[in-house]
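# Report on the structure
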Amino acid sequence: MAQDATPGPVVVELYTSQGCSSCPPADETFAGLAGRADVIALALHVDYWDYIGWKDSFAQPEFTERQRAYARVAGARTIYTPQLIVGGMEHLVGVRPAELAAMIARHAAMPAKAEIQALREGGAVRITAVPVARLPQGVTVQIVRYMPEATVEIRGGENAGRQITYRNIVTDWRRVGTWDGATPLSMTVDVAPGDSGVVILQEPGPGPIIAAARLP
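First, a word on scope: everything that follows refers to the structure included in this document.

## Focus: the pairing of strand β5 (residues 114-121)
A regular strand places its side chains so that they alternate between the two faces of the sheet. Pairing of β5 with strand β6 (residues 124-131), which is carried by eight bridges, proceeds in the antiparallel orientation. For Glu 121, the partnering residue across the bridge sits in β6 and is Ala 124. Linking β5 to β6, which pair antiparallel, is a turn of two residues; within it Gly 122 sits at a positive phi near 65°.

## Here's the deal with the side chain of Gln 18
With respect to the helices and strands, the residue Gln 18 is situated in the loop between β1 (10-16) and α1 (23-31). You can call Gln 18 buried: its relative accessible area is 0%. If near-sequence neighbours (up to four positions away) are discounted, Gln 18 is found in contact with His 45, Trp 54, Lys 55, Asp 56, Ser 57, Phe 58, Val 152, Ile 154, Asn 159 and Tyr 166.

## Quick word on the pattern of salt bridges
Applying the stated criterion to the full structure yields eight salt bridges. The closest approach of N and O atoms between Glu 13 and Arg 66, which form a salt bridge, is 3.0 Å. Of this pair, Glu 13 sits in strand β1 while Arg 66 sits in helix α2 (residues 61-74), placing them 53 residues apart in sequence. Judged by its relative accessible area of 0%, Glu 13 is buried. Arg 36 is the salt-bridge partner of Asp 38, the closest N and O atoms lying 2.9 Å from each other.

## A word on the environment of Ala 34
The residue Ala 34 is located in the loop between α1 and β2 (39-45) in this model. In this structure Ala 34 comes out as buried when scored by relative accessible area, which is 14%. For Ala 34 and Pro 193, which are 159 residues apart along the polypeptide, the C-alpha to C-alpha distance reads 21 Å. Excluding residues within four positions of it along the chain, Ala 34 makes contact with Ala 41, Arg 167 and Asn 168.

## As for the packing of aromatic side chains
Two measures describe an aromatic ring pair: the distance that separates the ring centres and the angle between the ring planes. Per the counting criterion, the structure on display carries one aromatic pair. When the ring of Phe 58 is compared with that of Tyr 166, the centres are 6.1 Å apart and the planes differ by 80°; the resulting orientation is edge-to-face. Linking Phe 58 in the loop between β2 and α2 with Tyr 166 in strand β8 (residues 163-179), this pair joins segments that are 108 residues apart in sequence. Considered together, Phe 58 and Tyr 166 belong to a single accessibility category, that of buried residues.

## Observations regarding α1
Among the residues making up α1, those that are buried are Cys 23, Pro 24, Ala 26, Asp 27 and Phe 30. What you see down the axis of α1 is that its buried residues fit within an arc of 160°, all on one side. Against the buried residues of α1 lie β1, β2, β3 (83-86) and β8.

Conventions and cut-offs
Residues numbered from 1 in each chain as written. Predicted model: local features only at pLDDT ≥ 70, side-chain atom pairs only at ≥ 80, totals over all residues. Heavy atoms only, no water. Pairing = 2+ DSSP bridges. Helix = DSSP H or I, 4+ residues; strand = E, 2+ residues; numbered from the N terminus. Buried < 20%, exposed > 50% of the residue type's maximum accessible area, 1.4 Å probe, protein only. Contact = heavy atoms within 4.5 Å. Salt bridge = Lys/Arg side-chain N within 4 Å of Asp/Glu carboxyl O. Phe/Tyr/Trp six-rings, centres within 6.5 Å; stacked < 30°, edge-to-face > 60°. Arc of directions from axis to C-beta.

The structure is reproduced here in structure tokens:
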């Protein structure tokens, strides 16, 4: 196993919707994270607000299901927007910047469990990782693609008449393999040019995020 690995960026997921009147302040707070090197900020737009008069142009049912899966793991019966999930572990509903900053700092200070690298090889990405600590549950390997920025004029629903700029909008969250977490990982995945992206290693559940790296 690798020794004394440097902790990588902290993954922060925002569950949001263009149709939710409580979400714009969270979207604004989240935008402040998007440019930080020590944070991988990912906005997942959910579809359960679409019925009230405005269909979110970025929403995907798979993102709603991911949020529901987190709720099941946490023993929660209800899902909300806006909700932030830090490191796949800590949940924060609403807009509380001080609590969010404390969560990010806490996760940044945690010892690394794995070292990960993503290297571009033509039309593919080579993902390598080595364990730092034992990972008995194994790990899911995921590639996430996102648009860095887009502005939307909202013409219906609770935010009708507003123009909102969104950051790091997830377009695809794809499971590409598994890792036993014991032996070194090496795999190559076809990744077409286009949106920005990251590789995320996460315990099943979804559970804690073990490591993450931006795609070159």
